[in-house]
Amino acid sequence: MAIEEEILQATLAASQKLYGQAPDVKALQLSATRKEFEGDLTLVVFPLLKLSHKKPEETAEDLGKELVANVEAVSGYNVIKGFLNLCISKSNWIDTVNSIAADPHFGIVEATADSPLYMVEYSSPNTNKPLHLGHVRNNLLGHSVCQILKANGIKVVKTNIVNDRGIHICKSMLAWKLFGNGETPESTGKKGDHLVGDYYVRFDKEYRAQVKDLVAKGMAEDDAKKEAPLMKEAQQMLEKWEAGDPEVRALWEKMNNWVYEGFDKTYKRLGISFDKIYYESQTYLDGKAKVNEGLEKGVFYRRPDGSVWADLAKDGLDEKLLLRADGTSVYMTQDIGTAQQRFRDYNIDKMIYVVGNEQNYHFQVLSILLDRLGFEWGKDLVHFSYGMVELPEGKMKSREGTVVDADDLMDEMIRTAKETSGDKLKDYSAEEVDNIARICGLGALKYFILKVDPRKNMMFNPKESIDFNGNTGPFIQYTYARIRSVIRKAADAGLQVPARLEAKYELSERETQLVQNLASFPQAVKQAGKDYSPAFIANYCYDLAKAYNQFYHDFSILKEENADAQQFRLLLSSLIANTIKTGMELLGIEVPERM
RNA sequence: GGUUGAGUAGCUCAGCUGGAUAGAGCAACAGCCUUCUAAGCUGUGGGUCAAGGGUUCGAAUCCCUUCUCAAUCACCA
């Protein structure tokens, strides 16, 4: 039994004995003692006053005596106001270290045959432009949440729904057809997604010029936007696409494939992957079918113009369009179709959508609609709603070119990492140096994004860029590399990391705190899983690394003369390195052996 | 206007289900490398936790009101 649990149980028993009744365990609060006070664990006694009918100090004294008498590991206590500070025997912490060392999957719960299956949808790009920083946040959060769920013993299917059809796709296709002169990724040397994105921007530029022109000729702006020849042509292209026009379909496939090649490179570099990819071009028809089914069952209704709607009044919402009068589908229709296919393909216990908070309303509606259509998990679907990445000038906008491009940003981070390393790596091959720069640059980027509470909007200032010092990914990576270095040097000196500790070493305050910090990793994983919060893991890793660096500064390992102390520190260091590595893996961040 | 979320140091952010004197990093200043990796460590300054009320032994945290910002409320996705 963990020491915390043992103390809580003993406290309940003590309360029963002394006061005739015990409180609910959940009312008890036991936490690490703040460093300005003596002791290791602190019990807050205020919740027990109602039972004891005594002053806080007296109650704490009562309980302190009982705990010392009944819990072997509790070696002493002191009372400050309503806080009972407990001193835990040194040998208990050695036992803790040994049990961590004996567990090859420390902090990780393995899935079993009975484990639930969660499907997590993330990334979900449009195939008309390259990925930007906003997408990066989505991808990193999605990937990390999957890792964290797996670490909590849940089976996970990582999925991506590619928005590969629609008017926006036709815009870049049309612009390429009109102005592209047959350009290809090969002929221009551009990544396919960037090439296509350029034509999406080009469309918007030409289109705006046409609108301006029409307005100058006296047309109202709203009409001009509808009447501009480019817009009409794009719409015609969409109709042809839906009708299966061979020429349009061929162009669509060609350009989408360029984009996919580009995306693949970006995903690979980011370390993102999927178990199953869905395409809206293959799910929207199912959506239509499902909506028609709902129509027959009376779940939805048809208006005189032929459009199909859902009435959400009894859920406190408005009416929602599901099929246009011309029979074409909208976003919601496609999401219903996608859900249908997923439900058919997998035995999903829970569906999690990693999608920005701008779509909160959409998912509120989707949940209700899926429920009405008979999907058991519909009303329990989770919209993992994350905040926007903002620039100092405000929101990023693709068409206005105010986006931070994902590929450019990664290049820049890696380049900066290389500069930062200076000549520290001059003994390594160019390949090794590049790999370390890659690990650190991406680590800085990923940590920067993941350390922030997902629900909140976050700020990215390109001018200040992303730091490599302080509370950053490289700081944590550095701590790992540092420990690995010590362990290599130890091996050179003939010192191995022990598998377990036999001696009764008297650890210092700082070492005790480090052990406690390390031992709380499983709780951090659990909490992160419960809250779907990579930020919780990020902050845990930082705290652990910070605490280790303080220890490292004040204590020697290789030069330590006391063999018990040395053995203890080697094992503790090694376990901390392993835990940092595991924690960073949950964030999708690699750690280097040296840097 | 309705709904939802946010507001903590000059800046970027922590602060878990209410607990001790609200914490980090960056920026500024002052120190620490012939000694296990200085991407590190130590110290100084910096706060009306948006404002006001309430709940209680105790509130940045829970409740109410107000203010500010964001998203959303489309036959866009």
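Conventions adopted
- Residues numbered from 1 in each chain as written.
- Chains lettered and ligands numbered in written order.
- Predicted model: local features only at pLDDT ≥ 70, side-chain atom pairs only at ≥ 80, totals over all residues.
- Heavy atoms only, no water.
- Buried < 20%, exposed > 50% of the residue type's maximum accessible area, 1.4 Å probe, protein only.
- Helix = DSSP H or I, 4+ residues; strand = E, 2+ residues; numbered from the N terminus.
- Pairing = 2+ DSSP bridges.
- Right-handed = clockwise from strand over helix to strand, strands pointing away.
- Domains from an automatic or database assignment.
- Contact = heavy atoms within 4.5 Å.
- Buried area = accessible area lost by both parts, 1.4 Å probe.
- Salt bridge = Lys/Arg side-chain N within 4 Å of Asp/Glu carboxyl O.
- Axes fitted to C-alpha atoms, helices over the stretch in contact; angles between N-to-C directions.
- Near = heavy atom within 4 Å.
- Polar contact = N/O pair within 3.5 Å; in protein donor to acceptor, adjacent residues only side chain to side chain.
- Nonpolar A, V, L, I, M, F, W, Y, C, P; charged D, E, K, R; others polar.
- Expected span 1.5 Å × (residues − 1).
- Core = buried A, V, L, I, M, F, W, Y, C linked by side-chain atoms within 4.5 Å.

(A) Highlighting the pairing of strand β12 (residues 382-386). Within β12, five of the five residues are buried, which leaves it mostly tucked inside the rest of the structure. Burial along β12 is two-sided: V382, F384 and Y386 and H383 and S385, pointing in opposite directions, are all buried. In terms of strand pairing, strand β11 (residues 350-356) meets β12 through five bridges, oriented parallel. What sits directly across from Y353, in β12, is H383. In this fold, β11 hands off to helix α14 (residues 360-372), which returns the chain to β12; that crossover is right-handed.

(B) Spatial organisation of the domain arrangement of chain A. Here chain A is described as being made up of domain 1 (3-88), domain 2 (122-390) and domain 3 (406-586). Once you take the C-alpha centre of each, domain 1 and domain 3 turn out to be 35 Å apart. Contact residues are listed per partner, giving five residues for domain 1 and four residues for domain 3. Contact between domain 1 and domain 3 buries roughly 290 Å² in total, counting both sides, with carbon and sulfur atoms accounting for 32%. Counting across the interface, domain 1 meets domain 3 through zero salt bridges.

(C) The arrangement of the sheet that holds β12 in detail. An order of β7-β6-β5-β11-β12 is seen for the five strands of this open sheet, with the pairing classed as parallel. If you trace the sheet from one side to the other, it starts and ends with β7 (276-279) and β12, each paired once. Adjacent strand axes in the sheet meet at a mean angle of 25°, parallel and antiparallel pairs treated alike. With four bridges joining them, strand β6 (residues 155-162) and β7 adopt parallel strand pairing. By the bridge assignment for β7, I161 is matched with Y278. Of the strands in this sheet, β5 (117-121), β6, β7 and β11 touch helix α13 (residues 331-345), which is tilted by about 150° from β7.

(D) View of the environment of Y478. Secondary-structure assignment places Y478 in helix α17 (residues 473-492). The class for Y478 is partly exposed, based on a relative accessible area of 31%. When the C-alpha positions of Y478 and N549 are compared, they lie 9.8 Å apart, and in sequence the two are 71 residues distant. Look past the residues within four positions of Y478 in its chain and what remains in contact with it is K424 and M595.

(E) Summary view of the pairing of β5. With five of its five residues buried, β5 lies for the most part within the structure. Of the two faces of β5, both are covered, the one formed by L117, M119 and E121 as well as the one formed by Y118 and V120. Inspection of the sheet shows β5 paired to β6 by five bridges, in the parallel sense. Looking at β6, one finds that M119 is bridged to V157. In this fold, β5 hands off to helix α5 (residues 133-151), which returns the chain to β6; that crossover is right-handed. With four bridges joining them, β5 and β11 adopt parallel strand pairing. The residue of β11 that forms the bridge with E121 is Y353.

(F) Spatial organisation of the protein's contact with RNA strand B. Around RNA strand B, the surrounding shell holds 64 residues, and the nearest of these are N163, D305, Y478, F555 and K559. Counting only atoms of RNA strand B within 4 Å of the protein, the fraction found in sugar and phosphate groups is 64%. A distance of 3.1 Å separates a base nitrogen of RNA strand B from a polar side-chain atom of Q29. The side chain of N469 places a nitrogen or oxygen atom 3.3 Å from a sugar or linking oxygen of RNA strand B. At the level of secondary structure, the elements contributing two or more residues to the surface near RNA strand B comprise β2 (41-44), β4 (83-88), α15 (406-421), β15 (458-459), α17 and α20 (534-554). By residue number, the principal contributor to the surface near RNA strand B is α17, which donates eight residues. The residue makeup of the surface near RNA strand B, split by class, is 26 nonpolar, 22 polar and 16 charged.

(G) View of helix α1 (residues 3-19). Here α1 spans 24 Å end to end across 17 residues, near enough to the 24 Å set by a 1.5 Å rise per residue. A positive phi of about 85° marks G20, the residue just after α1.

(H) Fine view of the nonpolar core. In this structure, I88, L133, L149, I476, F568, I576 and I580 are the most contacted members of the largest nonpolar core, which totals 148 residues. Among the elements that take part in this core, helix α21 (residues 563-586) stands out by supplying eleven residues, more than any other. Formed by 31 residues, the second largest nonpolar core is a distinct cluster that contains I348, V365, F375 and W377.

(I) Region of the structure containing helix α11 (residues 246-270). Given a rise of 1.5 Å per residue, 25 residues ought to cover 36 Å, and the 35 Å separating the end C-alpha atoms of α11 matches this to within 8%. Two residues or fewer after α11 comes G271, characterised by a positive phi angle close to 80°.

(J) Seen up close, the pattern of salt bridges. Under the definition given, this model contains 28 salt bridges. Ionic pairing is found between E206 and R202, a salt bridge with its closest N-O pair at 2.8 Å. With a gap of four residues between them, E206 and R202 both fall in helix α8 (residues 192-216), about one helical turn apart. Overall, the relative accessible area of 23% leaves E206 in the partly exposed class. Using a relative accessible area of 29% as the deciding quantity, one classes R202 as partly exposed.

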